[in-house]
Amino acid sequence: MGTYSFNRESRLLTPGHFQQVFNHPSRFGSSHFTILITSNKDANNRLGMAIAKKRVKHAVQRNRIKRLTRESFRLNQHKLPAVDLVVMVKSGIDQLDNEEINQQLEKIWRKIIQRHKR
């Protein structure tokens with residue numbers, strides 16, 4: 001069983017890390033999320049978030065979405081292939097409750113796992 005930690009090594013930290021994902025992404029999405037992924041050389045997955053103020057106006061809502069995304073990633077990271085991910089959101093996500101956000105993320109994790117099994 002994998003580790004359930006979310007530490008510094010589990011995050012995309014520098015603009016260079018983000019740029020690698022933005023340059024050669026595979027896209028996965030739902031009605032409120034777009035997740036860009038790129039394979040990485042490391043054994044661990046890394047998560048980055050780009051939650052724009054234009055899409056989610058209030059800091060409280062942006063932080064809630066980030067918190068839910070980090071937690072969902074933390075619980076599912078051991079199932080995912082070795083990838084770097086950047087999570088972006090679409091307008092209207094701040095209207096969803098926590099359960100709906102978690103369901104959308106779970107669906108995207110399943111899509112990523114299925115596509116990388118082939």
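Described below are features of the structure shown in this document. (Residues numbered from 1 in each chain as written. Predicted model: local features only at pLDDT ≥ 70, side-chain atom pairs only at ≥ 80, totals over all residues. Heavy atoms only, no water.)

Remarks on the sheet that holds strand β1 (residues 26–29)
Applied cut-off: When DSSP finds two or more bridges between a pair of strands, those strands are recorded as paired. Segments assigned H or I by DSSP are reported as helices when at least four residues long, segments assigned E as strands when at least two residues long, and all are numbered from the N terminus. Every axis corresponds to a line fitted to the C-alpha atoms, with the helix fit spanning only the stretch in contact, and the corresponding angles, defined between N-to-C directions, vary from 0 to 180 degrees. Residues count as neighbours in contact if any of their non-hydrogen atoms are within 4.5 Å of one another.
The strand order β1-β2-β4-β3 describes an open sheet built from four strands, whose pairing is mixed. Lying at the two open borders of the sheet, with one neighbouring strand each, are β1 and β3 (46–50). Taking each pair of neighbouring strands and ignoring which way they run, the sheet shows an average axis angle of 25°. One ladder, built from seven bridges, connects strand β2 (residues 33–39) with strand β4 (residues 83–89); its direction is antiparallel. Across the sheet, the residue bridging to Ser39 is Val83, located in β4. Along the sheet face, helix α2 (residues 59–76) touches β2, β3 and β4 and points at about 165° away from the line of β3.

Some points on the packing of aromatic side chains
The following threshold applies: Between rings of Phe, Tyr and Trp, where Trp is taken as its six-membered ring, a pair exists when centres lie within 6.5 Å; planes separated by under 30 degrees are stacked, by over 60 edge-to-face, and by other angles tilted. Burial classes follow relative accessibility: with a 1.4 Å probe on protein chains only, a residue under 20% of its type's maximum area counts as buried, one over 50% as exposed, and anything between as partly exposed.
Enumeration over the complete set of coordinates arrives at two aromatic pairs. Between the aromatic rings of Phe6 and Phe73, the centroid separation amounts to 5.9 Å while the plane-to-plane angle is 85°, which identifies the pairing as edge-to-face. Note that Phe6 is positioned in the segment before α1 (15–23) and Phe73 in helix α2, a separation of 67 residues in sequence. Classification of Phe6 as partly exposed rests on a relative accessible area of 24%. Taking relative accessible area as the criterion, Phe73 reaches 0% and is therefore assigned buried. Site record: aromatic cluster; members linked through ring pairs are Phe6, Phe73 and Trp109.

A look at the side chain of Gln104
Threshold: Contacts described as polar in this section are N or O atom pairs within 3.5 Å, which, within protein, must combine one atom able to donate a hydrogen with one able to accept it, while residues neighboring in sequence count only if both atoms come from side chains.
Note on placement: Gln104 falls in helix α3 (residues 98–117). A distance of 3.3 Å separates a polar atom in the side chain of Gln104 from a polar atom in the side chain of His32. Setting aside residues no more than four positions away along its own chain, Gln104 makes contact with Ser30, Ser31, His32, Phe33 and Leu96.

Considerations on the environment of Ser91
Considering the arrangement of structural elements, one finds Ser91 in the loop between β4 and α3. Separated by 36 residues in sequence, Ser91 and Arg55 place their C-alpha atoms 4.7 Å apart. Not counting the four nearest positions on each side in its chain, Ser91 is found in contact with His32 and Arg55. A distance of 3.4 Å separates a polar atom in the side chain of Ser91 from a polar atom in the side chain of Arg55.

Some words on the pairing of β2
With six of seven residues buried, β2 lies mostly within the body of the structure. As defined by bridge partners, β1 adjoins β2 across four bridges and the pair is classed as antiparallel. Bridged to Ser26 within β2 is Ile37. Taken together, β1 and the strand that follows it, β2, pair antiparallel across an intervening segment of three residues.

Some details on the packing of α2 against α3
Where we set the bar: Roughly parallel means an angle under 35 degrees; roughly antiparallel, over 145; roughly perpendicular, 65 to 115; everything else is oblique. Each crossing gets its hand from how the near helix is turned against the far one by less than a right angle, where anticlockwise is left-handed and clockwise is right-handed. In this classification, Asp, Glu, Lys and Arg are treated as charged, Ala, Val, Leu, Ile, Met, Phe, Trp, Tyr, Cys and Pro as nonpolar, and every other residue, Gly included, as polar.
Where α2 contacts α3, the two axes come as close as 10 Å, and the packing angle between them is 40°. As the angle between them shows, α2 and α3 are arranged oblique. Two packed elements cross with a definite hand, and for α2 against α3 that hand is right-handed. Between α2, through Arg64, Ile65, Leu68, Thr69, Ser72, Phe73 and Asn76, and α3, the contact on the second element is made entirely by Asn98, Ile101, Asn102, Leu105, Glu106 and Trp109. When its residues are assigned to classes, the contact of α2 with α3 shows six nonpolar, five polar and two charged.

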